[in-house]
Amino acid sequence: REANLEERFFGVASHPISIKKPIKMAQGQAREAEGLVKYLNECWTPFHAVQVTARLLREAGFKQLKERERWEGLAPGHKYFYTRNESAIVAFAVGGKFKPGNGFRVIGAHTDSPCPKLKPVSKDVKAGCLMVSVQNYGGGLWYTWFDRDLSVAGRVVHKSGGKIKTSLVAVRRPILRVPSLAIHLQRGVNDNLKVNFQQHMSPFLATSIKNELNSVGDGDRESKKAKGGSEAGDKGVLQQHPLLLDILAKELNIEQADILDFELQVCDTQPSCIGGAMEELVFSGRLDNLAHCYTSTRALLDSLGSLGEDDGVRVIALFDHEECGSCSSPGAASTLMMDTVKRVTLGVLGSGVCRGDEVEIALQNSFLVSADMAHALHPNYADKHEPQHGPKFHKGVVIKHNANQRYATNSITATLFRECGRKRGLPCQEFVVRSDMGCGSTIGPIVTSKTGIRTVDVGIPQWSMHSVREVCGCDDIDYAVKHFVAFWEDMPKIEKDLLDSMDVIV
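Criteria and thresholds
- Here the residue numbers are simple positions, counted from 1 along each chain's written sequence.
- Two thresholds apply to this predicted model, a pLDDT of at least 70 for residue-level local features and 80 or more for giving and counting side-chain atom pairs, whereas whole-chain, interface and lining totals are computed over all residues.
- Calculated side-chain values reflect all of the structure's heavy atoms, with hydrogen atoms and water omitted.
- Side-chain rings of Phe, Tyr and Trp (the six-membered ring for Trp) are treated as a pair once their centres are within 6.5 Å; stacked means planes under 30 degrees apart, edge-to-face means over 60, and tilted covers the remaining angles.
- Exposure classes here rest on a 1.4 Å probe applied to the protein chains alone. A residue is buried below 20% of its type maximum, exposed above 50%, and partly exposed in between.
- Here, a charge over a ring means that NZ of Lys or CZ of Arg falls within 6 Å of the ring centre while also lying within 35 degrees of the ring normal.
- Here the axes come from fitting lines to C-alpha atoms, over the contacting stretch only for helices, and the angles between their N-to-C directions go from 0 to 180 degrees.
- Helix and strand assignments come from DSSP, with helices taken as H or I runs of at least 4 residues and strands as E runs of at least 2, each series counted from the N terminus.
- Angle categories: roughly parallel below 35 degrees, roughly antiparallel above 145, roughly perpendicular from 65 to 115, and oblique for all the rest.
- Any pair of residues with heavy atoms lying within 4.5 Å of one another is described as a contacting pair.
- Think of a salt bridge as a Lys or Arg side-chain nitrogen and an Asp or Glu carboxyl oxygen that are within 4 Å of each other.
- One requirement defines pairing of two strands: DSSP has to find at least two bridges between them.
- Patch definition: residues with relative accessible area over 30% and no salt bridge; like charges joined within 9 Å; nonpolar side chains (Val, Leu, Ile, Met, Phe, Trp, Tyr) joined within 5 Å.
- Note on areas: Shrake-Rupley, 1.4 Å probe, and residue coverage restricted to the protein chains presented here.

A. Region of interest: the packing of aromatic side chains. As enumerated under the stated definition, the model contains nine aromatic pairs in all. Between Phe487 and Trp488, the aromatic rings sit 6.1 Å apart at their centres with planes inclined by 45°, giving tilted as the arrangement. You'll find Phe487 and Trp488 in the same group, each marked buried. Taking NZ or CZ as reference, Lys117 lies 4.0 Å from the ring centre of Tyr137, over its face. Directly above the aromatic system of Trp71 lies the positively charged group of Arg343, at a separation of 4.2 Å from the ring centroid.

In structure tokens, the structure reads:
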């Protein structure tokens, strides 16, 4: 099984340059870091992240369920998953000793990252240049997108064989650019850089003259593209550059006129890689939060050997739209988590004796690890961190605290998670934001307020969060996988010992 896991996660080249000197990491740490890099290089968008994760689950024996159908025959010792909107995925492995009313031990993460997304009418022409109109998704460090080799990826809706279907696309060659303005034309830019997304962030696609010259001698190629077959259902293609549609059509091996709609985002084409003088870091976009989509999935697969002795349900829930508030069908504020607990509890119960409160009991027996990246102490901006609360690379997973419930951690949930790691010799760190700064949030408070499930917010420390290119430590990927395995395997006993000693109801 180990060889199969290696093959699944190590299927794509991670670095354009061959590095001959050995990696300065232990074998397990190198495996997890390289595994994350391969995962990142396949997962350009939430749609791709779900597709890749689903493939890994199928290869590990998970059965796919559909929300529109009855979940019949769910049984202890078996493994399942389902998707919503192709951008969120929930996988669960039912413990061999599970009984309805027992708890769900969940690791939650999110598939989305801040990026420019194409507008419904993306076709624009400025100063003799074909431009692509985009809107900001989430709160990105937008200046980092300037002068990068960019492209597009996402979901395309198109006709195929008389039917309408969806396909995923990732154009891996650089076709877009957001050029910066020369310093000679803005002398004070280094003192006061302000990015107006509407005005400054439209990527360049091609020069108009080259686009027109390439159309010469090719019949009525341009007009045919623009009309898209002249059918009412094809009017959407009039809103896009024919050149862009041609690129998408060639990638998908379909006719340009068959494209009906799409959800595309701008992506950086530079591959994720291992970096640093000691090769101790991961350089990549979308670490927030694909790093925890990877670590939770990997941990779930690694923990399957002990599933037969578990009396609970092990779950990973990878939500979409965290970066814009989670209020969507595949988001953490949706019914996704509650639906999972309810349908699995009742599905395993089947025709057995039903008391009517199994779901409510299950929720109170459940525990959520909300896994989202944390802020590592920045050597050039150390004053931005609360003293004694500056997480560092290679020091383990960070537990995040906030008195105003921007994180859902409390003393009990923090202790339980910390103890899972301590028993296996895994380090753990603490984070709280400075009192004179605002605090970000994540899926933890949202899910716990919707379900009542006890929650701890944690994350791997990283630099440059929401940049087009982020950084995290290789060791911490390995620590996170091991800590999450410990959560599933050791939490039941640790939790029982603690709760039995308490005189209050948690």
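B. Examining the packing of helix H3 (residues 46-59) against helix H8 (residues 287-302) more closely. Between H3 and H8, the shortest axis-to-axis distance is 11 Å and the interhelical angle comes to 10°. Viewed along their axes, H3 and H8 adopt a mutual orientation that is roughly parallel. Packed against H3, whose contacting residues are Ala49, Thr53, Leu56 and Leu57, the element H8 presents Leu290, Thr297, Leu300 and Leu301 at the interface.

C. Representation of the pattern of salt bridges within the structure. If you walk through the whole model with that rule in mind, you get 24 salt bridges. Of the charged contacts, one joins Asp149 and Arg177 as a salt bridge, the two residues approaching to 2.5 Å between their closest N and O atoms. Placement of the pair is Asp149 in the loop between strand S6 (129-137) and strand S7 (150-160) and Arg177 in the loop between strand S8 (163-170) and helix H4 (197-200), with a sequence separation of 28 residues. The class for Arg177 is partly exposed, based on a relative accessible area of 31%.

D. Representation of the sheet that holds strand S16 (residues 397-401) in the model. Spatially, S1-S2-S3-S13-S4-S14-S18-S16-S17 is the arrangement adopted by the nine strands of the open sheet, whose pairing is mixed. Strands with a single pairing partner mark the edges of an open sheet, and in this sheet they are strand S1 (63-64) and strand S17 (428-432). In terms of strand pairing, strand S2 (residues 79-84) meets strand S3 (residues 88-94) through six bridges, oriented antiparallel. Paired with Tyr80 across the strands is Phe92, a residue of S3. In the packing of H3 onto the sheet, the strands contacted are S1, S2, S3 and strand S13 (313-319), and the crossing angle to S3 comes to about 20°.

E. Spatial organisation of the environment of Gly77. Residue position: Gly77 is located in the loop between S1 and S2. Not counting chain neighbours up to four residues away, the residues in contact with Gly77 comprise Val94, Gly95, Gly96 and Leu307.

F. Representation of the pairing of strand S12 (residues 281-284) within the structure. Sheet topology note: the strand S11 (residues 273-275)/S12 ladder contains three bridges and is antiparallel. Residue pairing for S12: Cys273 is matched across the bridge by Phe283. Between S11 and S12, which follow one another and run antiparallel, lie five residues, and Gly276 among them has a positive phi close to 90°. Two strands pair when backbone bridges link them, and S12 and strand S20 (residues 470-473) are joined in this way by four bridges, in the antiparallel orientation. Residue Ser284 lies in a different strand from S20, and its bridge partner there is Glu470.

G. Region of interest: the side chain of Gln462. If you trace the backbone, Gln462 turns up in strand S19 (residues 461-463). Relative accessible area serves as the criterion here: at 2%, Gln462 is assigned to the buried category. The contact partners of Gln462, leaving out residues within four places of it in the chain, are Leu287, Asp288, Met373, Ala374, His375, Ala376, Phe393, Glu470, Val471 and Cys472.

H. Local environment of a nonpolar patch on the surface. On the surface, a cluster of nonpolar side chains totalling about 280 Å² of accessible area is made up of Leu141, Tyr143 and Leu193. Here Leu141 is to be found in the loop between S6 and S7. Residue class for Leu141 comes out partly exposed when judged on its relative accessible area of 31%.

I. View of the sheet that holds S20. Within the open sheet, the five strands sit side by side as S11-S12-S20-S19-S15. Their pairing is mixed. Of all the strands in the sheet, the pair left with one neighbour each is S11 and strand S15 (374-375). Of the strands in this sheet, S12, S19 and S20 touch H8, which is tilted by about 35° from S20.

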